[in-house]
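Architecture at a glance
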Number of protein chains: 2
Amino acid sequence: MRIYFTFEPRQDLREPLVEEFSQVDFVFQSGLTTEELQKADVVVTYGEDLNEENLQYATKLKWIFVASAGVEKMPAQAIIERGILVSNVRGIHKTPMAESMLAHILAIKRALPWMYEQQKKCEWSKKVKQTELCDSTALILGPGAIGSEVGRLLHAFGVQTIGCNRSGQKAPHMDVMVSFDKLLEALPKADIVLSVLPKTRETTHLLKEEHFKVMKKNAIFMNFGRGNLVDEQVLIRAIKADEIGYAVLDVFEQEPLAENSPLWTLPNVIVSPHVSSHSSRYVERSLNIFKPSLVKWLDGETDLENVMDLSRGY
Amino acid sequence: MRIYFTFEPRQDLREPLVEEFSQVDFVFQSGLTTEELQKADVVVTYGEDLNEENLQYATKLKWIFVASAGVEKMPAQAIIERGILVSNVRGIHKTPMAESMLAHILAIKRALPWMYEQQKKCEWSKKVKQTELCDSTALILGPGAIGSEVGRLLHAFGVQTIGCNRSGQKAPHMDVMVSFDKLLEALPKADIVLSVLPKTRETTHLLKEEHFKVMKKNAIFMNFGRGNLVDEQVLIRAIKADEIGYAVLDVFEQEPLAENSPLWTLPNVIVSPHVSSHSSRYVERSLNIFKPSLVKWLDGETDLENVMDLSRGY
């Protein structure tokens, strides 16, 4: 059994793994090579290095462990045809992402960007409007692992949560649920509109001009899912027309965001360079998900944690 | 019965009050005058306008309602001698202050100050170290109404809480309690050291050089209580010596902070101009505390909410 990591975990994380699974040949090598791919039974990857072409070399490959949540860049069709099992680290992002989202929300409510600017001028001033998160209402598009974690934290702050997904079916930490087709009616209630939706055909341009028009004038709109959710021109128009109060964006239609995008400089827009899931504890957590699956795999089992359905994209 | 407000609540908050208590003569007037003070049975004040001199005119005064938490500026001795009842809005600050503290903590952990700077340069970069609040430990000096509220929120983020007060007696939302004299032993465990202590003789310069020396090198030190907690020169030395990771200060020995204070420009220091308790909902909440007390007062009762012991300073 040969397991090929296309990235190199830190020494202190790698050693216990090698020790625990002494029957396995591990290869840790940053940057994928077709040579190693040919020999691998299992590939552990961030999911951005596999493509239709190099996958042809992976003749022994039976399982891909993706240390990431999105798989848009993976050659889905080829993987499905080859019958390769794919599992990922779904849920791994929930803690850093939920913390990032709460950080942004609270920073805005408690006027931190203003405060930082005052400090640069060595200026003692109390002339700023600060509001509270408490008693507000948040609409969460995509209350899955991450969205529910945000809901849990928002509840602690006394926020009412409205979850919104395709079916309108119950989700944890949501006070109310609505389906995508009732979104327009729910939006006017929300002080915070927050998406963590994955990229699928259904979520592409789900939000349109009409949706921004019915949002509260001081609503904070946050996209921490995927950039396909809204046509950036539609979003820019809504911001310029003061239809919303703030936009906090961690994802974009094109990444990196073009240097000349108006989003960089529009007032009340926060550009987060798709780093909300980053954490110094990321690899540690990935390996903690990988290990129990590897134990099962070595026993010949295939009901691993977080097996993906590539045909649906998540 | 004449009640003298030395500030003017918004029309929409003032009207229901006047209506509800039609038997009372209300005076709303920004800025205290001895003329009005002479006629007042009750004074509602932010607590900064009363002094030993003007109090002599307040011959009818029996109750001072302070729409603030600190009373350092009040003429304590004269009030005690005159037997005037003082009650305040203890706890009113807990929501905005706890939200401010969480905002600052999360902003640091999730690198928001860095992100804002990148955006100004229109620079897409992911090169930043972000950590997590989850699984860290916070030491809370003064786990009263505000400190406990911070503890409650920190718990939601998976933070271990150590409370520290004079006696070491139990406080809500604290996993462990220590007394002031065990502080030195508890400090090395804390990733966040947070004070909301009031100004008293005991809290003055409670933190000394030795305390900063035992803190974690990356600890976030936050003073949201009163500036007397630590000699600013001691704090500045600790920051310059990299004994702590961050200092977030909402209170100072002298306020406003002098324009030439090194705290404005030291790296990893956040200056918040004593605004952490500010909220657009402040007066609304004060009146919600005042009203039930006024009902009691009109019935001749004196066991009001939040009666203060001025001899202890809180």
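Residues numbered from 1 in each chain as written. Chains lettered and ligands numbered in written order. Predicted model: local features only at pLDDT ≥ 70, side-chain atom pairs only at ≥ 80, totals over all residues. Heavy atoms only, no water.

Going by what an unreviewed UniProt entry lists, chain A is known as Phosphoglycerate dehydrogenase-like enzyme and is assigned to Lysinibacillus parviboronicapiens.

Below, the discussion takes up the domain arrangement of chain A. All names here are of chain A. Structurally, chain A comprises domain 1 (2–92 + 280–298) and domain 2 (94–271). Taking only C-alpha atoms, the centre of domain 1 and the centre of domain 2 are 33 Å apart. If you look at the interface, domain 1 gives five residues, while domain 2 gives six residues. When domain 1 packs against domain 2, close to 420 Å² is buried across both sides, 50% of that on carbon and sulfur atoms. (Domains from an automatic or database assignment. Contact = heavy atoms within 4.5 Å. Buried area = accessible area lost by both parts, 1.4 Å probe.)

This part is about the interface of chain A and chain B. In this complex, chain A contributes 57 residues to the contact, which on the side of chain B involves 57 residues. For the pair chain A and chain B, the summed buried area comes to about 4,900 Å², and 60% of that belongs to carbon and sulfur atoms. At the surface where chain A touches chain B, the tally comes to eight salt bridges. Among the ionic pairs, E117 of chain B bridges to K120 of chain A, the shortest N-O distance being 2.6 Å. Contributions of two or more residues to the side of chain A that touches chain B are made by α5 (94–109), α6 (112–120), α7 (145–156) and β12 (269–271) of chain A. Of the residues assigned to the side of chain A that touches chain B, the class counts are 27 nonpolar, 16 polar and 14 charged. (Salt bridge = Lys/Arg side-chain N within 4 Å of Asp/Glu carboxyl O. Helix = DSSP H or I, 4+ residues; strand = E, 2+ residues; numbered from the N terminus. Nonpolar A, V, L, I, M, F, W, Y, C, P; charged D, E, K, R; others polar.)

Membership of the largest hydrophobic core comes to 70 residues, with the highest contact counts inside it found for L102 of chain A together with L102 of chain B. Residues contacting L102 of chain B, with those up to four places away along its chain left out, are L106 and F157 of chain A together with L133, V150, L153, L154 and F157 of chain B. (Core = buried A, V, L, I, M, F, W, Y, C linked by side-chain atoms within 4.5 Å. Buried < 20%, exposed > 50% of the residue type's maximum accessible area, 1.4 Å probe, protein only.)

Here we come to the pairing of strand β3 (residues 42–45) of chain B. Residue and element names in this part refer to chain B. Side chains of β3 alternate between two faces, with V42 and V44 and V43 and T45 buried alike. Note that strand β1 (residues 2–5) and β3 share three bridges and pair parallel. The residue bridging Y4 from the neighbouring strand is V43, located in β3. Where β3 lies against strand β4 (residues 63–66), four bridges are found, and the strand directions are parallel. Bridging across to β4, T45 finds its partner in V66. (Pairing = 2+ DSSP bridges.)

Residues and elements named next belong to chain A. Spatially, five strands are ordered β2-β1-β3-β4-β5 in an open sheet, and the strand pairing comes out parallel. The open sheet has two free edges, formed respectively by β2 (25–28) and β5 (85–88), since each of these has just one partner strand. Shown here is a sheet whose adjacent strand axes are inclined to one another by a mean of 15°, direction ignored. Contacts between helix α1 (residues 11–20) and the sheet are confined to β1 (2–5) and β2, with β2 contributing the most and set at about 160° to the helix. Across the sheet, helix α11 (residues 282–298) lies against β1, β2, β3 (42–45), β4 (63–66) and β5, angled at about 160° from β4, the strand it touches most. (Axes fitted to C-alpha atoms, helices over the stretch in contact; angles between N-to-C directions.)

It is worth spelling out the UniProt feature "domain: D-isomer specific 2-hydroxyacid dehydrogenase NAD-binding" (unreviewed entry) in chain A at this point. Within this numbering scheme, the UniProt entry marks residues 102–276 of chain A as carrying the feature "domain: D-isomer specific 2-hydroxyacid dehydrogenase NAD-binding" (unreviewed entry). Segment residues 102–276 of chain A splits into 27% helix and 17% strand. End C-alpha atoms: 11 Å apart. (UniProt positions renumbered as here; feature names shortened; annotations may be inferred.)

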